[in-house]
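The chain contents come next:
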Amino acid sequence: MSTTISKDPAISAARGPHAWRNMPDARGHFGPYGGKFVAETLMAPLDELAQAYAEALRDPEFIATLDADLADYVGRPTPIYYAERLSNKIGGARIWFKREDLNHTGAHKVNNTIGQALLAARMGKTRIIAETGAGQHGVATATVAARLGLSCVVYMGSEDMRRQATNVYRMRLLGAEVRPVESGSKTLKDAMNEALRDWVANVDDTFYIIGTVAGPAPYPAMVRDFQAVIGREARRQMLERTGRLPDALVACVGGGSNAIGLFYPFLDDEDVAIYGVEAGGDGIASGRHAAPLSAGRSGVLHGNRTYLMQDDNGQIQGTHSISAGLDYPGVGPEHSWLKDIGRARYVDVTDAEALDAFHECTRIEGIMPALESAHAVAYARKLAAEMGPGTDILLNMSGRGDKDMASVAEAAGETL
Amino acid sequence: MSRLAHRFAELKRAGRTALIPFLTAGDPSADATVEFMHALVVAGADAIELGVPFTDPMADGPVIQAACERALAHGTSLRDVLAMVERFRERDSDTPVVLMGYFNPIDSMGLEAFGRRAHEAGVDGALIVDMTAEEAPDIAPVLVKAGVDPVCLIAPTTGEARIARICENAAGFIYYVSFKGVTGASSLDTDRLAAQIAPIRQATDLPVGVGFGVRTPENAAAVAAVADAVIVGSALVSQIAEYGNDTATTTKKLSETLSAMRAAIDSADEREQEGESV
């Protein structure tokens, strides 16, 4: 199976070989997307960050420390797992899970927070701030802050704090201060506004660890680079296990960090189809969803140009998803670009489909996916049936579902 | 010559510092905003900054955020803001009006369409908070062509090389953010202000306005000693929050606040002209 666009000779010729991994350009643009749209006060710290990051990448000691932490502290490499019973039940493609749920703290988020926290320490910053939606990035940030002895403040929408009370408690146990955000829709986007305000006021000693591949340059590329370990490992592991590359990749997309982490090392493998799964909420037609790539249009929010959910006047719209981690009106700019050039396809899955996939995966594989990752499982089931036997789907099991017990029970009309 | 350039030239000849109040358009209503604008001119405003409400005002503190939410609660759009300026122009063709806001509502209207409509409505400048020097080359020239001055921000964290880059794309005046933080926070360090503004003077002949943290007549006078314009926002907007839909009372309170600042600035300007040290 292949992407349609990869076979278009005109586009291939214009693009040249291996162009997909060369983004962003020097201004942080992925085609028309990305860039730097922030208040001037943040430009100096962003430049400082970009420079420190570039230097760190050239420093063998930094890379060695990062690799050692990923191995000994995070538990990498994570395995790939053949979900045989799930695959057999569908009777189509073989479905493989990249087990990011087995990482320390239970999700892919820590790959990035380790990298950024080491960078913060290297830059002499003593205070870490972060935004969080589901709480996974907040926990992953609080965890590395605890380990490196950095003070940590996590901004979280009050609505999300209610939905993810256990993660709030985890962050507090780790020594982080969790500040409730009451403005706007009281979810991830508002937490990000508040973190940016904090950073503007405390630029001298504070490092802002953004949890996804959004924000102003250099964040989208930097977070992608830290997450790309997922795809690098998985690509090698699939070759080892099956002797070939998978036919398709599937990952859920909120901001899109686990997805880009899986996709990026495969971008130039033109025969590997790429699917990003957005949160369809109650269905795209209902308007209650969090699927900017499926139903939004280009705009500027949180420092970058990307697809956004917005009204006719350019005001950002409220979002809905059963999964707090996907409940965001924007998406990383690289995804917007990959959509426009046709290298990746973006689809959506409803709350109900994700819940159904959650239960099935839990019952027949004994793996409880995060509700975010359950969106990927739900789409992989459909895709496996379409693709048929003899093909392979590699799915990013981006996190484990322990944090979602309350949401799952609530959806089933039960109380814990 | 643009209305802004003309106004600043006039003030310079008279040895006076501009006083520029900020209001969020549509807070609490379009009618009230137009009435407040006229009242502020009577109370001594030399130009008016009109905030375009946005759902995600990342660089603003709680006071302006709340004002945005009040304005958005009844659906104030960028089109509505332009209509308010048009109404203001029915009775005032001299006072410059600068829109201040975030890029997305402008981008959504279309940059060229915005420039054209803003100019037609009588808008003189646009300060796009999240337009950096990196993105300005794609944005600022379109505004200039439409006859709208791109007013640009410079911050305490801005280095000299960046100051020069920012000034390349700026017109009307430079808005100097007096401290690291969001609008309405903490207070001014006026002692350091003169030193911080010096490199901007080196880079441009544009007037320099100072905003963020001007709360009292004393603040205003201190800023007037070093800047060409004093910008006051949260101190006014917090009164709208307090008196709300009682437009008569709010108008009176806004006028009193601005008049006191005007008087303090005028005294400072006179002292400066008499050669006393301030």
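The rules behind each value
- Residue positions are given per chain, counting from 1 as you read along its sequence in written order.
- Chain letters and ligand numbers both follow the written order, the letters beginning at A and the numbers at 1.
- For this predicted model, a pLDDT threshold of at least 70 governs which residues receive local features, and a threshold of 80 or more governs which side-chain atom pairs are given and counted, while totals over whole chains, interfaces and linings are taken from all residues.
- UniProt positions are given in the numbering used here, feature names are shortened, and annotations may be inferred rather than shown by experiment.
- Per the convention used, a helix needs a DSSP run of H or I reaching at least four residues, while a strand needs a run of E reaching at least two, with both numbered from the N terminus.
- A helix is expected to span 1.5 Å for every residue after the first.
- Two residues form a contact once the distance between their C-beta atoms, set from the backbone, is within 7 Å.
- A pair of strands is treated as paired once DSSP finds two or more bridges between them.
- Here, a nonpolar core means buried Ala, Val, Leu, Ile, Met, Phe, Trp, Tyr and Cys residues linked by C-beta atoms lying within 7 Å of one another.
- Around each residue's C-beta, the other C-beta atoms within 10 Å are counted; 20 or more make the residue buried, 12 or fewer make it exposed, and counts in between make it partly exposed. All C-beta atoms are placed from the backbone.
- Throughout, the edges of the domains are those of an automatic or database domain assignment.
- When the strands point away from the viewer, a crossover counts as right-handed if the path from the first strand over the helix to the second runs clockwise.
- Helix axes are fitted to C-alpha atoms over the stretch in contact, other axes to C-alpha atoms as well, and angles between N-to-C directions run from 0 to 180 degrees.
- For a crossing to be left-handed, the near helix must be turned anticlockwise from the far one by less than a right angle; the clockwise case is right-handed.
- Residue classes follow a fixed rule: Ala, Val, Leu, Ile, Met, Phe, Trp, Tyr, Cys and Pro count as nonpolar, while Asp, Glu, Lys and Arg count as charged, and any other residue, Gly among them, counts as polar.

Per an unreviewed UniProt entry, chain B goes by the name Tryptophan synthase alpha chain and belongs to Salinisphaera hydrothermalis. Quoted verbatim from the Subunit (unreviewed entry) heading of the UniProt record, the comment on chain B is "Tetramer of two alpha and two beta chains." According to its UniProt record, chain B has this under Catalytic activity (unreviewed entry): "(1S,2R)-1-C-(indol-3-yl)glycerol 3-phosphate + L-serine = D-glyceraldehyde 3-phosphate + L-tryptophan + H2O".

In the nomenclature of an unreviewed UniProt entry, chain A corresponds to Tryptophan synthase beta chain from the organism Salinisphaera hydrothermalis. Comment text from UniProt for chain A, heading Pathway (unreviewed entry), reads "Amino-acid biosynthesis; L-tryptophan biosynthesis; L-tryptophan from chorismate: step 5/5." Looking at chain A in UniProt, the text filed under Catalytic activity (unreviewed entry) is "(1S,2R)-1-C-(indol-3-yl)glycerol 3-phosphate + L-serine = D-glyceraldehyde 3-phosphate + L-tryptophan + H2O".

K.L.:
So what about helix α3 (residues 60-74) of chain A? Which residues, and what values?
P.N.:
All names here are of chain A. Its 15 residues place the ends of α3 20 Å apart at the C-alpha level, agreeing with the 21 Å of an ideal helix rising 1.5 Å per residue. Structurally, α3 contributes buried residues whose contacts are with α5 (109-122) and α11 (229-242). Two residues or fewer past α3, G75 is found with a positive phi of approximately 95°.

K.L.:
So what's going on with the sheet that holds strand β8 (residues 208-211) of chain B? Residues and values would help.
P.N.:
All names here are of chain B. Taken together, the 9 strands give an open sheet; going across it, the order is β5-β4-β3-β2-β1-β9-β8-β7-β6, and neighbouring strands pair in parallel fashion. Looking along the sheet, the strands with just one partner apiece sit at the ends: β5 (149-150) and β6 (152-154). By the bridge criterion, 2 bridges tie β8 to strand β9 (residues 229-232) in an arrangement that is parallel. Bridged to G209 within β9 is A229.

K.L.:
Talk me through the interface of chain B and chain A; I want residue IDs and the actual numbers.
P.N.:
On the chain A side, the residues contacting the 33 residues of chain B number 27 residues. Elements with a minimum of two residues in the side of chain B that touches chain A: α3 (62-73), α5 (103-109) and β6 of chain B. At 6 residues, the largest contribution of residues to the side of chain B that touches chain A is made by α5 of chain B.

K.L.:
Could you give an account of the nonpolar core, naming the residues involved and the relevant values?
P.N.:
One finds L249, V250, F263, I393 and L395 of chain A together with V230 of chain B to be the most contacted residues of the largest nonpolar core, which totals 227 residues. Broken down by element, this core gets its largest block of residues, 10 residues, from helix α16 (residues 371-387) of chain A. A domain-level breakdown of this core finds at least three residues from each of domain 1 (36-71 + 109-219) and domain 2 (75-106 + 224-411) of chain A. Ignoring sequence-local partners within four residues, the contact set of V230 of chain B consists of T17, L19, I20, V210, V214, A220, V223, A224 and I265 of chain B.

K.L.:
Outline the UniProt feature "modified residue: N6-(pyridoxal phosphate)lysine" (unreviewed entry) in chain A, supporting the account with residue identities and numerical values.
P.N.:
Residue and element names in this part refer to chain A. UniProt annotation of "modified residue: N6-(pyridoxal phosphate)lysine" (unreviewed entry) refers to K109 when read in the numbering used here. Among the residues examined, K109 registers 31 C-beta atoms within 10 Å and is labelled buried. Among residues more than four places away in sequence, those in contact with K109 are Q136, H137, A140 and G211.

K.L.:
I'd love a proper account of the UniProt feature "domain: Tryptophan synthase beta chain-like PALP" (unreviewed entry) in chain A, names of residues and values included.
P.N.:
Those residues carrying the UniProt feature "domain: Tryptophan synthase beta chain-like PALP" (unreviewed entry) are residues 75-399 of chain A in this numbering. As annotated, residues 75-399 of chain A comprises 42% helix and 21% strand, and the C-alpha atoms at either end are separated by 14 Å.

K.L.:
Explain the pairing of strand β9 (residues 248-252) of chain A residue by residue, including any values.
P.N.:
Moving residue by residue along a regular strand, the side chains alternate between the two faces of the sheet. Residue and element names in this part refer to chain A. Judged by how many residues are buried, β9 sits mostly within the fold: 5 of 5 residues are covered. On β9, burial covers both faces: A248, V250 and C252 on one face and L249 and A251 on the other are all buried. Read from β9 through helix α12 (residues 257-263) to strand β10 (residues 273-281), the crossover connection turns out right-handed. The sheet contact formed by β9 and strand β14 (residues 392-397) spans 3 bridges and is parallel. Residue pairing in the sheet places L249 in a bridge with L394 of β14.

K.L.:
Help me get a handle on the packing of α5 of chain A against helix α10 (residues 219-227) of chain A, residues and values and all.
P.N.:
Residues and elements named next belong to chain A. It is at 8 Å that the axes of α5 and α10 come closest, and there the two elements cross at 115°. Our pair here, α5 against α10, has a crossing hand that is right-handed. Of the residues in α10, those touching α5 at N111, N112 and G115 are V223, F226 and Q227. Considering only residue class, the contact of α5 with α10 consists of 2 nonpolar, 4 polar and no charged.

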